[in-house]
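The primary structure of each chain is shown beneath.
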Amino acid sequence: MSLLSGLTRSPQPHPASVRIGGQTTSGESLLRCATAVADRVAGMERVAVTATASLETVVAVVGGLLAGVAVVPVPPDSGPRERAHILRDSAVPAVLAPTGTAADPGGPPVVPVDLTARSDTAYPEPDDDRPALVLYTSGTTGAPKGAVIGRGAVAACLDALAAAWAWTPDDLLVHGLPLFHVHGLVLGVLGPLRLGGRLHHVGRPDPARYAGAGGSLYFGVPTVWQRVCADPAAARALRGARLLVSGSAGLPTAVFDQLRALTAHRVVERYGMTETLITVSTRADGPRRPGTVGQPLRDVRTRLVDETGADVPHDGTSLGELLVRGPGLFHGYLNRPDADAASRTADGWFRTGDVAAVDPDGWHRIVGRAATDLIKSGGYRIGAGEVEDALLAHPAVAEAAVVGTPHPDLGQQVTAYVVADGVSGPELVDFVARELAVHKRPRQVHLVDRLPRTALGKVQKSQLGH
Ligand code: MLC
Ligand code: AMP
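Residues numbered from 1 in each chain as written. Chains lettered and ligands numbered in written order. Predicted model: local features only at pLDDT ≥ 70, side-chain atom pairs only at ≥ 80, totals over all residues. Heavy atoms only, no water.

(A) Highlighting the sheet that holds strand 1 (residues 17-20). Reading across from one edge, 2-1-10-9-11-12-13-14-15 is the order of the nine strands in this open sheet, with mixed pairing throughout. Both outer strands of the open sheet, strand 2 (23-26) and strand 15 (295-296), are each paired with one neighbouring strand and no more. As paired elements, strand 9 (residues 172-175) and strand 11 (residues 217-220) share two bridges and run parallel to each other. Counted as the bridge partner of L173 is L217 from strand 11. (Pairing = 2+ DSSP bridges. Helix = DSSP H or I, 4+ residues; strand = E, 2+ residues; numbered from the N terminus.)

Structure follows, in structure tokens:
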């Protein structure tokens, strides 16, 4: 079956359609327009896409996938440091972007995405083991790493989610998530294009926009669901939906309960990662318990281990690091065999870095991260090391330590402790903003005389952020 069978199957019993950025397109014209992109990029190994929330992005991604070219989405707000890293590391020969976009100085040429172009070239379906996407994602240190995700992994994940959520071509999916991550792009765009049905991307995940869209299926990160609860009229407008789904960070039980009171929905929670796609979820036809993310999806297996690698019992209370394996696992990090080796056990289990408990029936509860150096803010994954590196590039900064601290709306916020001379906190925030994406900026900067360190000189992050 083709990866985007909801688009390419003929005849289409339930014609697909996409509405985004104020434009609506039928599946048929999307396919012909994306085929014109495929004609431009066929033969390339990879191509970058400036991933604005727009029809051009959808057309560009589909065009790459039709031609068997791995797509590298570039966050549109990434600063020059991040953007240059992604383009250099992925070695893309071209960037797909809306007509009129200038090329980066010294960067690859821009291939414009022309929404009026049409082509009927027939491309053979590439093998399942070909890469579909390279998604750049933060690690604990250094610049983001490119996670290479195979076509078969995308297909298996989406089919397993369709089974768990009873997701059919009759659904109208509504969301407003960014199109450069698993949540908004893989589930939120490739999902409907594989499964069929309609997608309405509302631009931003605002409660009022969700309320006005009349969808049957809604995706959001916990911050979005919390904002929906703060707008009861918008929340009540979601009563007619079939399913509300939360993921990318833990949903506070209070939000689950408020949403239930306002919308009469018990939110479906699912858990995943860029490197594994979605692995665990509650089901449309099953119970949903606040504070838990459900059971492994079809063909996914999970284990809990302690620091020595020994198995931790699935008794509902014992905590361990969650390991996963299954058809959604990525191929590896681009150009990073060292990070690859560290991310898996010798026998092929992926180390998520998340701490969890599993009960005897296989219900998973995610309780936090094994290390403090990955921050989740508004559902975005932010590496403390990348923000520290950006701060240390300022000539007045001698030392920097970045941690996630609790935030009422975003779950966690980026908080920096900095030893510096002659620079203010807001100046440092602006400095980081010139280098990195908006959500990576520290929201709080504490100027301190020194950082707490162990006798060996390692910063004691556990002593920060209280
Ligand atoms: C931001 N702002 C700041 C700032 N940071 N101002 C000062 N100092 C800072 N440090 C500004 C912003 O520019 C914005 O300005 C305003 O503050 C509000 O920003 P915000 O609070 O961040 O809100 P918003 O922009 O609305 O973003 C919240 C959000 C967003 C929830 C919409 O975080 C989001 O889209 N999250 C989704 C992330 C996601 O898709 N993750 C999936 C990863 S995949 P202005 O002027 O613009 O208003 C994955 C796998 C899986 O995890 O399991 O799904
Ligand atoms: P990312 O790679 O951006 O997809 O982020 C993956 C991380 O998000 C995971 O390792 C978890 O820490 C977190 N995450 C995703 N979904 C959930 C969830 N439902 N509950 C708790 N944490 C989650």
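That was the structure; now back to the text.
(B) Quick peek at the site of ligand 2. Looking at ligand 2, there are 16 residues lining it, with R270, T274, D354, K376 and R381 nearest. Within the backbone of S248, a nitrogen or oxygen atom sits 3.2 Å from a nitrogen atom of ligand 2. D354 places a side-chain nitrogen or oxygen 2.6 Å from an oxygen atom of ligand 2. If ligand 2 stood free it would expose 500 Å²; the protein chains cover 90% of that surface. Put simply, the parts of the chain that give the shell around ligand 2 at least two residues each are strand 13 (268-273) and strand 20 (364-369). The greatest single-element share of the shell around ligand 2, amounting to five residues, is contributed by strand 13. Class assignment for the residues of the shell around ligand 2 results in five nonpolar, five polar and six charged. (Near = heavy atom within 4 Å. Polar contact = N/O pair within 3.5 Å; in protein donor to acceptor, adjacent residues only side chain to side chain. Areas by Shrake-Rupley, 256 points an atom, 1.4 Å probe, with all protein chains shown as cover. Nonpolar A, V, L, I, M, F, W, Y, C, P; charged D, E, K, R; others polar.)

(C) Inspection of the site of ligand 1 at higher detail. In the vicinity of ligand 1 lie 21 residues, with R204, R227, S248, R270 and G378 positioned nearest. Separating an oxygen atom of ligand 1 from a side-chain N or O atom of R270 is a distance of 2.7 Å. In this structure, R441 approaches ligand 1 through a side-chain N or O atom, which is 3.1 Å from an oxygen atom. Burial of ligand 1 by the surrounding chains reaches 72%, relative to a free accessible area of 1100 Å².

(D) Expanded view of the nonpolar core. If you look at the biggest cluster of nonpolar residues, it comprises 102 residues, and the most contacted ones within it are W165 and W225. Considering each element in turn, this core owes the most residues, ten residues, to helix 5 (residues 151-165). V397, A400, A416 and V418 belong to the second-largest nonpolar core, a separate cluster that totals 17 residues. (Core = buried A, V, L, I, M, F, W, Y, C linked by side-chain atoms within 4.5 Å. Buried < 20%, exposed > 50% of the residue type's maximum accessible area, 1.4 Å probe, protein only.)

(E) Representation of the sheet that holds strand 17 (residues 320-325). Taken together, the four strands give an open sheet; going across it, the order is 16-17-19-20, and neighbouring strands pair in antiparallel fashion. The two strands at the open ends of the sheet, each matched to only one other strand, are strand 16 (301-305) and strand 20. Averaged over all neighbouring strand pairs, the angle between strand axes comes to 50°, with direction disregarded. Summarising the sheet, strand 19 (residues 350-358) and strand 20 pair through five bridges and their orientation is antiparallel. Bridge assignment links D354 to a residue of strand 20, and that residue is R369. (Axes fitted to C-alpha atoms, helices over the stretch in contact; angles between N-to-C directions.)

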